[in-house]
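Secondary and tertiary structure notes
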Amino acid sequence: MTPGSGLQAGLKNRHLTMIAIGGVIGAGLFVGSSSGIATTGPGILLSYALVGMLVVLVMRMLGEMSAANPTSGSFSAHADRALGRWAGFSIGWLYWFFWVVVLAVEATAGAKILEGWIPAVPQWGWALIVMVVLTATNLVSVGSYGEFEFWFAGIKVVAIGAFIVIGALAVFGVLPGVHSDKAGLSNLTAHGGFLPHGPGTVLTGVLLVVFSFMGSEIATLAAGESEDPQRAVTKSTNSIIWRIGVFYLGSILVVVALLPWNDPSIKKDGSYVAALNSLGIAHAGQIMNVIVLTSVLSCLNSGLYTASRMAFSLGQRGDAPQSFARTTSRGVPQTAILASVVFGFVAVFFNYEFPDSVFLFLVNSSGAVALFVWLVICFSQLRMRKIIQREAPEKLVVKMWLYPYLTWATAALIVFVLGYMLTDTEHDGRETVLLSLLVAAVVLVIALVKERVLAGRTAPAAEAPADKEPVA
């Protein structure tokens, strides 16, 4: 590939492996699980299992399309081809919008932790430092992004693995030096039952945990810049089941077995910190802060990468400024990265100046984008399977199970979750869906108008008399 002609294969297989593993462990797992446990009780495990199953099915569909055609645009590029340009445009920009808002959320979360350690630097200063450092990382090369993410994800994986092992030993009473009087599998049923607030709270739990799974699809975007894209996509798709099973279900099971679900410390300190404190582990809060900070930096790093690659893909397809599709000699889409980070900085500014109005609107209006993306993946796969079978059946190295029935069932489940969110006023579910639908409608109208304008421009050329001699 000649310098500056496009993205380059700078990600090694070990980078892709760790990006795939770390992509499912967001900061939301550490930070957001406490409210889910308080609302649902031990039954939160069913909520995580339900969303996990949904993600596994969606990732299988995305894996099928991406293994056949690895591209930095991933599901947006597939939607463009399968459903029409309007679909690729709409879901691509919505996804970009989601990640630039995430940049602000994560930068602020990281800044709070860092300010607690070094209060001499104000919170906005830490947010700025974190954003600048990770922007520089992404601007150097895709390899430097991969290297940072390799170590960030590695720390997360080791931390969660250690937490599960230590917690499991304590639950079964075989952890040396620790005598926790609260730990035991009896916690799953002893305090009001497995579903203390009734079976309906499982769905409420789904609403609280669904957004912590966003990021599973990053490996399919990154595969386009790897040494062996097809192998990378196939591997990450096939391993998604055990990754979700171990990191989400495994760690949450340990939390609710170590402590009664209604223990006040879960809400006060956070579920993982409370679980570590119950074992008498010294400095549990600070240990968890380091892990959460690592997750935040990982999410920021990947968020900037993901937003910029989606912007690059949109630029390539003529759905964004052409400058977004230009790369440096190192294969980095510099303009797409800088444009994404500028919007991230604007969102950070709104978070500090207008946290309860403008920024709250941004967060809520991007909240349901994950579900929109998954729904578009379902409908794209229904069409794309026929296209691949017709044009290049040998590329179907990953296949969706029980096609098309399981695809339709998955789409129906996503629509059901969106519908259930409309009934949720206690946890802002209704507001999130309505505002997200509003933003999606605006983007869709822009896409349709753009398509109509382009069609209008090409129509006169197509209708011109063919036998007319050109003017000399």
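Above this text is the structure in question.
The following paragraphs examine the structure supplied in this document. Just so you know, these numbers come straight off a predicted model, no measurement behind them. (Residues numbered from 1 in each chain as written. Predicted model: local features only at pLDDT ≥ 70, side-chain atom pairs only at ≥ 80, totals over all residues. Heavy atoms only, no water.)

1. Section: the overall build of the protein chain
Looking only at helices and strands, the protein chain features 19 helices and zero strands. Against the 2.2 N^0.38 benchmark of 23 Å for 472 residues, the protein chain shows a C-alpha radius of gyration of 23 Å, consistent with a compact globule. Overall size of the protein chain, expressed as C-alpha extent along the three principal axes, is 95 × 55 × 45 Å. Out of the 472 residues belonging to the protein chain, those deemed buried represent 56%. In the protein chain, of all internal contacts separated by at least 6 residues, the share reaching a separation of at least 24 is 80%. (Helix = DSSP H or I, 4+ residues; strand = E, 2+ residues; numbered from the N terminus. Rg over C-alpha atoms; globule rule 2.2 N^0.38 Å. Buried < 20%, exposed > 50% of the residue type's maximum accessible area, 1.4 Å probe, protein only. Contact = heavy atoms within 4.5 Å.)

2. Side note on the pattern of salt bridges
Within this structure, the stated rule accounts for eight salt bridges. Across the pair Asp80 and Arg317 runs a salt bridge whose closest N-O atoms are separated by 3.3 Å. Within this pair, whereas Asp80 is found in helix α4 (residues 74-82), its partner Arg317 is found in the loop between α14 (284-316) and α15 (334-353), the two being separated by 237 residues in sequence. Here Asp80 and Arg317 have matching classes, each one buried. Ionic pairing is found between Asp319 and Lys450, a salt bridge with its closest N-O pair at 3.2 Å. Linking Asp319 in the loop between α14 and α15 with Lys450 in helix α19 (residues 429-463), this pair joins segments that are 131 residues apart in sequence. According to the relative accessible area criterion, Lys450 is partly exposed, its value standing at 25%. Bridged by salt links that share partners, the residues Arg85, Asp319 and Lys450 form one connected network. (Salt bridge = Lys/Arg side-chain N within 4 Å of Asp/Glu carboxyl O.)

3. Focus on α4
For α4, the tally of buried residues reaches eight of nine residues, placing the bulk of the element in the interior. Regarding α4, the residues found buried are Ser74, Phe75, Ser76, Ala77, His78, Ala79, Asp80 and Ala82. Its buried side turned inward, α4 meets α3 (44-68), α5 (85-117), α9 (218-222), α14 and α17 (369-391). Positioned one or two residues after α4, Gly84 has a phi angle of 130°, which is positive.

4. Re the environment of Phe372
For Phe372, the location among the structural elements is in helix α17. Between the C-alpha atoms of Phe372 and Leu437, which are 65 residues apart in sequence, the distance is 9.1 Å. Excluding its chain neighbours within four sequence positions, the residues that come into contact with Phe372 are Ile91, Leu94, Leu418, Ser436, Leu437 and Ala440.

5. Points about the packing of α17 against helix α18 (residues 405-421)
Contact geometry of α17 with α18 gives a least axis separation of 9 Å together with a crossing angle of 155°. Regarding the angle of α17 to α18, the classification is roughly antiparallel. Two packed elements cross with a definite hand, and for α17 against α18 that hand is left-handed. Contact residues: α17 offers Leu371, Phe372, Trp374, Leu375, Cys378, Phe379, Gln381 and Leu382, while α18 offers Thr407, Trp408, Thr410, Ala411, Ile414, Val415, Val417, Leu418 and Met421. Residue composition of the contact of α17 with α18, by class: 14 nonpolar, three polar and no charged. (Axes fitted to C-alpha atoms, helices over the stretch in contact; angles between N-to-C directions. Parallel < 35°, antiparallel > 145°, perpendicular 65-115°, else oblique. Left-handed = near helix turned anticlockwise from the far one by under 90°. Nonpolar A, V, L, I, M, F, W, Y, C, P; charged D, E, K, R; others polar.)

6. Digging into the layout of surface pockets
Reported here for the largest pocket is a volume of approximately 1,500 Å³. Taken together, 50 residues make up the lining of the largest pocket; nearest its centre are Gly28, Val31, Gly32, Val105 and Val363. Of all the secondary structure elements, the ones that give two or more residues to the lining of the largest pocket are α2 (27-40), α5, α8 (201-209), α13 (271-278), α14, α15, α16 (358-366) and α19. Here the lining of the largest pocket takes ten residues from α5, the largest share from any one element. Broken down by class, the residue content of the lining of the largest pocket amounts to 27 nonpolar, 18 polar and five charged. Quantified by volume, the second largest pocket comes out at close to 330 Å³. Considering the residues around the second largest pocket, the lining is formed by 15 residues, among which Trp86, Ile91, Phe372, Val376 and Ala440 are closest to the centre. Elements with a contribution of two residues or more to the lining of the second largest pocket: α5, α17 and α19. (1 Å grid on protein atoms, 1.4 Å probe; cavity = no way out; pocket = protein on both sides within 12 Å on 5 of 7 lines; lining within 4 Å. Points joined across faces, edges and corners; volume = space filled by probe spheres on them.)

7. Some remarks on unusual backbone geometry
Residue Pro404 is reached from Tyr403 by a cis peptide bond, and omega for that bond is 0°. Of note in this structure, Ser74 is not a glycine but carries a positive phi near 45°. Structurally, the position occupied by Ser74 is in helix α4. Note on Ser74: relative accessible area 0%, which makes it buried. With a phi angle near 45°, Leu402 is a residue other than glycine that sits in the positive phi range. Examined against the element boundaries, Leu402 turns out to sit in the loop between α17 and α18.

8. Focus on the packing of aromatic side chains
Enumeration according to the criterion identifies 17 aromatic pairs in this entry. Taking the centre distance of 5.3 Å and the plane angle of 80° together, the rings of Trp93 and Trp96 count as edge-to-face. Of the two residues, Trp93 and Trp96 both sit in helix α5, three residues apart, roughly one turn of that helix. Across the pair, exposure class does not vary: Trp93 and Trp96 are buried alike. Taken together, a centroid distance of 5.2 Å and an interplanar angle of 90° make the contact between Phe150 and Trp151 edge-to-face. Among the residues examined, Phe150 registers a relative accessible area of 16% and is labelled buried. Taken together through their ring pairs, the aromatic side chains of Phe75, Tyr95, Phe98 and Trp99 make up a single cluster. (Phe/Tyr/Trp six-rings, centres within 6.5 Å; stacked < 30°, edge-to-face > 60°.)

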